[in-house]
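Now for the letters of each chain:
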Amino acid sequence: MGGLDQRVGRHLSKDKKVRWHIDRLTLLADSMHAYESYPDFVPECELASVLESSGGIPAVKGFGCSDCSCFTHLFRVEDRIILDIVSRLGLNKFHPDD
């Protein structure tokens, strides 16, 4: 499959074979943005916890978290919450060509 750039680039693409649940969401999305935690890594479960504690609404039980004890890793969030979390955690907008 390649590295992270290829994986995220694939998820952001509209031209792909549907293989995972995330593919169904990304094909329906009006717009998509990806953020990366680099150089300071933020674990996925910690990010889910921050999303929920910041007002994110859990969307689908078990989504994206079959290998942990989280309720979900999929949340509905308002733009202001995303901007706050991006700033607070020092996330960077993902650019596949960087």
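This structure is a prediction, so every number in the text was calculated from the model and none was measured.

Enquirer: It is not clear to me how the pattern of salt bridges should be interpreted in this structure. Could you clarify?
Expert: Two side chains with opposite charge may pair up if their charged atoms get near one another. Enumeration over the complete set of coordinates arrives at three salt bridges. A salt bridge links Arg10 to Asp23; the shortest N-O distance between them is 2.7 Å. Taken together, the positions of Arg10 in helix α1 (residues 4–12) and Asp23 in helix α2 (residues 21–28) put the pair 13 residues apart, joining distant regions of the chain. Here Asp23 falls in the buried class, since its relative accessible area comes to 0%. Residue Arg80 is joined to Glu78 by a salt bridge in which the shortest nitrogen-to-oxygen separation is 3.1 Å. On the basis of relative accessible area, Arg80 is assigned to the exposed category, the value being 58%.

Enquirer: Looking at this model, I keep getting lost on the confidence of the model for the protein. Mind explaining?
Expert: Parts of the model with low pLDDT should not have their predicted coordinates read in detail. A residue-level look at the protein finds 96% of positions with pLDDT of 70 or above and a mean pLDDT of 89. Of all the helices and strands in the protein, α1 carries the lowest mean pLDDT, 85, while strand β2 (residues 57–58) carries the highest, 96.

Enquirer: I would appreciate a short explanation of unusual backbone geometry in the present structure.
Expert: Leave glycine aside and you will find that most residues have negative phi; peptide bonds, for their part, are mostly trans. The step from Tyr38 to Pro39 runs through a cis peptide bond, and the omega angle for that step is 10 degrees. By the secondary structure assignment, Pro39 is in the loop between β1 (35–36) and α3 (44–53).

Enquirer: Sorry if this is basic, but what is going on with the nonpolar core here?
Expert: A general tendency of soluble globular proteins is for nonpolar side chains to be buried together. Val42, Ala48, Val50, Leu51, Phe75, Ile81, Ile85, Val86 and Leu91 form the largest nonpolar core, which has nine residues in total. Contributions of two or more residues to this core are made by α3 and α4 (79–89). Those residues within four positions of Leu91 in sequence are excluded, and the remaining contacts are Tyr35, Glu36, Ser37, Val42, Ile85 and Val86.

Enquirer: Help me understand α3, please; the structure alone is not making it clear to me.
Expert: Helical periodicity: at 3.6 residues per turn, an α-helix aligns residues three or four positions apart in one direction. Considered for burial, the residues of α3 that qualify are Ala48, Val50 and Leu51. Projected down its long axis, α3 shows its buried positions confined to an angular sector of 165 degrees, all on one face. On its buried face, α3 is in contact with β3 (75–76) and α4. Taken from the residues just after α3, Gly55 is the one with a positive phi, measuring 110 degrees.

Enquirer: Could you clarify how one ought to interpret the side chain of Ser54 in this entry?
Expert: The residue Ser54 is located in the loop between α3 and β2 in this model. In this structure the side chain of Ser54 is engaged in a polar contact, spanning 2.8 Å, whose partner is the backbone oxygen of Val50.

Enquirer: How should α1 be read in this particular structure?
Expert: Among the residues making up α1, those that are buried are Val8, Arg10 and His11. Buried residues of α1 fall within an arc of 155 degrees about the axis and therefore sit on the same side. The secondary structure elements touched by the buried residues of α1 are α2.

Analysis parameters
Residues numbered from 1 in each chain as written. Predicted model: local features only at pLDDT ≥ 70, side-chain atom pairs only at ≥ 80, totals over all residues. Heavy atoms only, no water. Salt bridge = Lys/Arg side-chain N within 4 Å of Asp/Glu carboxyl O. Helix = DSSP H or I, 4+ residues; strand = E, 2+ residues; numbered from the N terminus. Buried < 20%, exposed > 50% of the residue type's maximum accessible area, 1.4 Å probe, protein only. pLDDT = per-residue confidence, 0-100. Core = buried A, V, L, I, M, F, W, Y, C linked by side-chain atoms within 4.5 Å. Contact = heavy atoms within 4.5 Å. Arc of directions from axis to C-beta. Polar contact = N/O pair within 3.5 Å; in protein donor to acceptor, adjacent residues only side chain to side chain.

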